[in-house]
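Observations on the model geometry
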Amino acid sequence: MSITKEQGQLRPKSKIYYGWIIVLLTFATLLVSAGIRSLPSVLLVPFEHEFGWSRGSISSVISVGIFLYGLVGPFSAALLLKFGFRKVIVCSLAILGLSLAVTPFIRSLWQFELLWGLVSGLATGMMANVLGVTVSNQWFVKRRGLVVGLLTASAATGQLLFLPLFAKLTSDFGWRYAVYIAVASIVIVLAAVAVWMRNHPYDVGAAPYGSSELVKPAPFQGNIFLAPLQNLRLAMRNATFWLLAGTFFFCGLSTNGLIGTHLIAACGDHGILEVAAAGLLAMMGVFDLFGTTISGWLSDRFDSRKLLFCYYGLRGLSLLFLPFALNSASPYMLVVFSVFYGLDWIATVPPTVKLAGEAFGKEKSGMIFGWVVVAHQIGASAAAYGAGALRDALGSYSQAFVIAGFLCFVASVMAVQIRKNQTGSARAAA
């Protein structure tokens, strides 16, 4: 029997649902993008020595890149819906690869600012958490929480798993060789996306996973620049958005802005070699892959508000423990920190995505979650610069770790303030 898309019917099922191939390609894209986004944390000390720039100045560039990485998220969601995954990802990877290829020739701080603050921030922002949320919304009805958890873990894990490689290359051959390997990684992923990425289940004659209905993708309505702003205006009218954005501000402050940017340098202050410190981050990445994927599974089954309460509380305890672990001169204490902090690194995303979806619906949740991610990156940007400035002023990162730990407790309390009836009424208000 011949079955065609034009008849509104499904093609005969293959052994592997094509959506899982899309998840694999998205996983690889987020893994490489986030890994490259983490490279400046390895460059902090080498740039300080080679160019004579202060740690605060270098941190300010990283801070700008982190902010733009988040700011572009809502507009990324609109572009993904308008032009499709393949075009947006290929263009973003090409721009990112070009900026990396030019990096070995920089001589001035403004050039670093242009390439890593502006260009890299915008390009990687197009491949941030919003991409994973949009992919899960388009391709999956069931297992959506698991997919979001897996793709979120790929972003954080990529950032952490690439660090030992970059640190080793920088230590043995110089930072420029680390950049060359990053460019090669981009080329490989770009080629795979260009060949196999598809934008919607309809493109392969399939229904979303968990559904039996073949439906054409709805055309994107509105202006790609105005639509995110209009959704922001609607979101700002209810308390759910502010609580989600507030908790995510503290999430960013306590993860990639602080630990992702400064842990290697903080370990260096205590005589721990750069490669060994990067190894600790890699260990966090491994445990984050499990922790965030399991968090996605849990968010399909349990109250997301209670999950967030636990996650932020445990992260706060981990950060309060970190100064003790660094001062103890015992590698086992840092291993303990890496395991527990890694399990919780970015496990907050799946419950936050679920709460945003419940509040604002499938169609709007991508762009609105993008604005929640903006709050995350503002917090990360503040920590990236603030921790560097505190280190310059006080000679230690301990104060920054303790402040972040107590702010995580604040986020924990904020999470349980989201009432179930708020998530139900917020969509009506929007």
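Residues numbered from 1 in each chain as written. Predicted model: local features only at pLDDT ≥ 70, side-chain atom pairs only at ≥ 80, totals over all residues. Heavy atoms only, no water.

- An unreviewed UniProt entry annotates the protein as MFS transporter originating from Paenibacillus oralis.
- What UniProt records for the protein under Subcellular location (unreviewed entry) is the sentence "Cell membrane". (UniProt positions renumbered as here; feature names shortened; annotations may be inferred.)

**Observations concerning the overall build of the protein**
- Along the protein, the regular secondary structure elements total 18 helices and zero strands.
- Here the C-alpha radius of gyration of the protein, 21 Å, is about what a compact globule of 430 residues would show, namely 22 Å.
- Seen through its C-alpha atoms, the protein measures out along the principal axes to roughly 70 × 45 × 40 Å.
- Across the 430 residues of the protein, 58% fall into the buried class.
- Taking contacts inside the protein between residues at least 6 apart in sequence as the whole, the part at least 24 apart equals 86%.
- For the protein, the accessible surface area stands at approximately 17,200 Å², while carbon and sulfur atoms represent 67% of it.
- Side chains of the protein give 30 positive and 16 negative charges; the mean places of these two sets differ by 11 Å. (Helix = DSSP H or I, 4+ residues; strand = E, 2+ residues; numbered from the N terminus. Rg over C-alpha atoms; globule rule 2.2 N^0.38 Å. Buried < 20%, exposed > 50% of the residue type's maximum accessible area, 1.4 Å probe, protein only. Contact = heavy atoms within 4.5 Å. Areas by Shrake-Rupley, 256 points an atom, 1.4 Å probe, with all protein chains shown as cover. Lys, Arg positive; Asp, Glu negative; His and termini not counted. Charge placed at Lys NZ, Arg CZ, Asp CG, Glu CD.)

**Observations concerning the nonpolar core**
- Membership of the largest hydrophobic core comes to 131 residues, with the highest contact counts inside it found for Leu100 and Ile259.
- Ranked by the residues each element gives to this core, the list is headed by helix H16 (residues 349–394), at 18 residues.
- Two domains each provide a minimum of three residues to this core, namely domain 1 (16–208) and domain 2 (225–420).
- Ignoring any residue separated from it by four or fewer positions in sequence, one finds Ile259 in contact with Ser254, Leu281, Met284, Leu319, Leu322, Phe337, Tyr341, Trp345 and Phe401. (Core = buried A, V, L, I, M, F, W, Y, C linked by side-chain atoms within 4.5 Å. Domains from an automatic or database assignment.)

**Looking at the domain arrangement of the protein**
- What the domain assignment lists for the protein is domain 1 (16–208) and domain 2 (225–420).
- Centre-to-centre separation of domain 1 and domain 2, based on C-alpha positions: 19 Å.
- Opposite the 47 residues of domain 1 that make contact, domain 2 presents 52 residues.
- Between domain 1 and domain 2 lies a buried interface of about 4,000 Å² when both sides are counted; carbon and sulfur atoms form 72% of it.
- Along the contact surface separating domain 1 from domain 2 lie zero salt bridges. (Buried area = accessible area lost by both parts, 1.4 Å probe. Salt bridge = Lys/Arg side-chain N within 4 Å of Asp/Glu carboxyl O.)

**Some details on the pattern of salt bridges**
- Scanning all chains against the criterion turns up five salt bridges.
- As a salt-bridge pair, Arg176 and Glu50 come within 3.0 Å of each other at their nearest N and O atoms. Pair noted here: Arg176 is in helix H9 (residues 175–196) and Glu50 is in helix H2 (residues 39–51), with a separation of 126 residues, a long-range link.
- Asp269 is paired through a salt bridge with Arg391; the nearest N and O atoms lie 2.7 Å apart.

**Let's talk about H2**
- Across its 13 residues, H2 extends 17 Å between first and last C-alpha, which sits within 8% of the 18 Å expected from 1.5 Å per residue.
- Along H2, the helix axis deviates most sharply at Val45, where the bend reaches about 40 degrees; the proline Pro46 sits within four residues downstream.
- Burial in H2 covers these residues: Leu39, Pro40, Ser41, Val42, Leu43, Leu44, Pro46, Phe47 and Phe51.
- Of the residues trailing H2, Gly52 is marked for its positive phi of about 80 degrees. (Expected span 1.5 Å × (residues − 1). Bend = angle between axes of the 7 residues up to and from the residue.)

**Re the packing of aromatic side chains**
- Going through the model one piece at a time under the given rule, you end up with 24 aromatic pairs.
- Every member of this aromatic cluster is reached through a ring pair, and the members are Tyr17, Tyr18, Trp20, Trp139, Phe140 and Tyr209. (Phe/Tyr/Trp six-rings, centres within 6.5 Å; stacked < 30°, edge-to-face > 60°.)

**As for the side chain of Ser396**
- Looking at the element boundaries, Ser396 is found in the loop between H16 and helix H17 (398–415).
- One polar contact links the side chain of Ser396 to the main-chain amide nitrogen of Ser398, over a distance of 3.0 Å.
- Filtering out sequence-adjacent residues up to four positions away, Ser396 remains in contact with Leu390 and Arg391. (Polar contact = N/O pair within 3.5 Å; in protein donor to acceptor, adjacent residues only side chain to side chain.)

**A few points about the packing of H2 against helix H3 (residues 55–71)**
- H3 packs onto H2 with a crossing angle of 150 degrees between their chain directions and a minimal axis gap of 10 Å. It follows from the interaxial angle that H2 and H3 lie roughly antiparallel. Note that H2 runs across H3; the crossing there is right-handed. Across the interface between the two elements, Pro40, Leu44, Val45, Phe47 and Glu48 of H2 pack against Arg55, Ile58, Ser59 and Ile62 of H3.
- Counted by class, the contact of H2 with H3 contains six nonpolar, one polar and two charged residues. (Axes fitted to C-alpha atoms, helices over the stretch in contact; angles between N-to-C directions. Parallel < 35°, antiparallel > 145°, perpendicular 65-115°, else oblique. Left-handed = near helix turned anticlockwise from the far one by under 90°. Nonpolar A, V, L, I, M, F, W, Y, C, P; charged D, E, K, R; others polar.)

**Section: the packing of helix H13 (residues 274–299) against helix H14 (residues 304–327)**
- The N-to-C vectors of H13 and H14 enclose an angle of 150 degrees; their axes lie 10 Å apart at closest approach. As summarised for this structure, H13 and H14 are arranged roughly antiparallel, according to the angle between their axes. You can see that H13 and H14 cross each other, and the crossing is right-handed. For the pair H13 and H14, the contacting residues are Ser295, Leu298 and Ser299 in the first and Ser304, Leu307 and Tyr311 in the second.
- Looking at side-chain class alone, the contact of H13 with H14 contains three nonpolar, three polar and no charged residues.

**A short note on a nonpolar patch on the surface**
- A surface patch of nonpolar side chains, about 660 Å² in accessible area, is lined by Leu161, Val286, Phe290, Ile294, Trp297, Phe302 and Leu343.
- The greatest single-element share of the nonpolar patch, amounting to four residues, is contributed by H13.
- With respect to the helices and strands, Phe290 occurs in helix H13.
- Residue Phe290 is classed as exposed on the basis of its relative accessible area of 51%. (Patch = residues over 30% accessible without salt bridge, like charges linked within 9 Å, V, L, I, M, F, W, Y side chains within 5 Å.)

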